[in-house]
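Descriptive analysis of the structure
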Amino acid sequence: MAEKKKSYHQGHDIKSLVINLATILLFFLPFALYYDIKEQQSENVTLYCAVVVGGLLLSLIVPPLGWMRPHPYTDMEGNVPLKFRRD
């Protein structure tokens with residue numbers, strides 16, 4: 001009987017999704033700053049930057065801790081992806 005294939009990592013673990021969200025926020029930051037300027041100063045500039053920094057910090061503290069994206073074939077024990085469900 002053929003053995004069951006191990007499922008391929010699709011990048012849908014928690015860390016990868018949070019990194020993607022933080023990258024999207026960082027991408028849209030210049031557009032938000034450009035289109036929100038009313039006079040020469042805007043109160044929302046600090047808020048926009050704080051949201052982006054918060055997203056980046058969240059991506060650092062989501063397990064596995066650190067800046068590295070989880071990889072299923074890693075040599076480091078703590079850098080394996082955490083999944084929402086079992087296969």
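Residues numbered from 1 in each chain as written. Predicted model: local features only at pLDDT ≥ 70, side-chain atom pairs only at ≥ 80, totals over all residues. Heavy atoms only, no water.

Side note on helix α1 (residues 14–36)
A rise of 1.5 Å per residue sets the reference length of α1, with its 23 residues, at 33 Å; its end C-alpha atoms lie 31 Å apart and thus fit the reference within 8%. The sharpest bend along α1 reaches about 35 degrees and sits at F28, with the proline P30 one to four residues further on. Among all positions in α1, only K15, S16, V18, I19, A22, L29 and D36 are buried. For α1, the elements touching its buried residues are α2 (44–61). (Helix = DSSP H or I, 4+ residues; strand = E, 2+ residues; numbered from the N terminus. Expected span 1.5 Å × (residues − 1). Bend = angle between axes of the 7 residues up to and from the residue. Buried < 20%, exposed > 50% of the residue type's maximum accessible area, 1.4 Å probe, protein only. Contact = heavy atoms within 4.5 Å.)

Here's the deal with the packing of α1 against α2
One can describe the packing of α1 onto α2 by two numbers: an axis separation of 8 Å at closest approach and a directional angle of 165 degrees. As the angle between them shows, α1 and α2 are arranged roughly antiparallel. With respect to the hand of their crossing, α1 and α2 are arranged in left-handed fashion. When α1 is examined against α2, the residues K15, V18, I19, A22, L25, L26, L29, A32, L33 and D36 are found in contact with a partner set consisting of N44, V45, Y48, C49, V51, V52, G55, L56, L58, S59 and L60. (Axes fitted to C-alpha atoms, helices over the stretch in contact; angles between N-to-C directions. Parallel < 35°, antiparallel > 145°, perpendicular 65-115°, else oblique. Left-handed = near helix turned anticlockwise from the far one by under 90°.)

Details of the packing of aromatic side chains
Under the defined criterion, the tally for this structure stands at four aromatic pairs. Considering the side-chain rings of F27 and F28, the 5.3 Å spacing of their centres and the 75 degrees angle between planes classify their relative orientation as edge-to-face. What makes F28 partly exposed here is its relative accessible area of 48%. Three or more aromatic residues link up through ring pairs in this structure, and these residues are F27, F28 and F31. (Phe/Tyr/Trp six-rings, centres within 6.5 Å; stacked < 30°, edge-to-face > 60°.)

Here we look at α2
Compared with an ideal rise of 1.5 Å per residue, which puts 18 residues at 26 Å, α2 spans 26 Å between its outermost C-alpha atoms and is within 8% of the ideal. For α2, the full list of buried residues reads V52, G55 and S59. Down the axis of α2, the smallest arc covering the buried residues is 55 degrees, so these residues share one side. Looking at α2, the residues exposed on the side facing more than 90 degrees away from the buried face are T46 and I61. Next to the buried residues of α2 lie α1. (Arc of directions from axis to C-beta.)

As for the environment of P63
Within the element layout of this structure, P63 appears in the segment after α2. In the structure, P63 is positioned 48 residues away from K15 in sequence and 6.6 Å away in space, judged by C-alpha atoms.

A word on the environment of D13
Structurally, D13 can be placed in the segment before α1. Along the chain, D13 and R69 lie 56 residues apart, while their C-alpha atoms are 9.8 Å from each other.

Description of a nonpolar patch on the surface
On the surface, a nonpolar cluster with roughly 860 Å² of combined accessible area is contributed by V53, L57, L58, L60, I61, L65, W67 and M68. When you line up the elements, L65 lands in the segment after α2. (Patch = residues over 30% accessible without salt bridge, like charges linked within 9 Å, V, L, I, M, F, W, Y side chains within 5 Å. Areas by Shrake-Rupley, 256 points an atom, 1.4 Å probe, with all protein chains shown as cover. Salt bridge = Lys/Arg side-chain N within 4 Å of Asp/Glu carboxyl O.)

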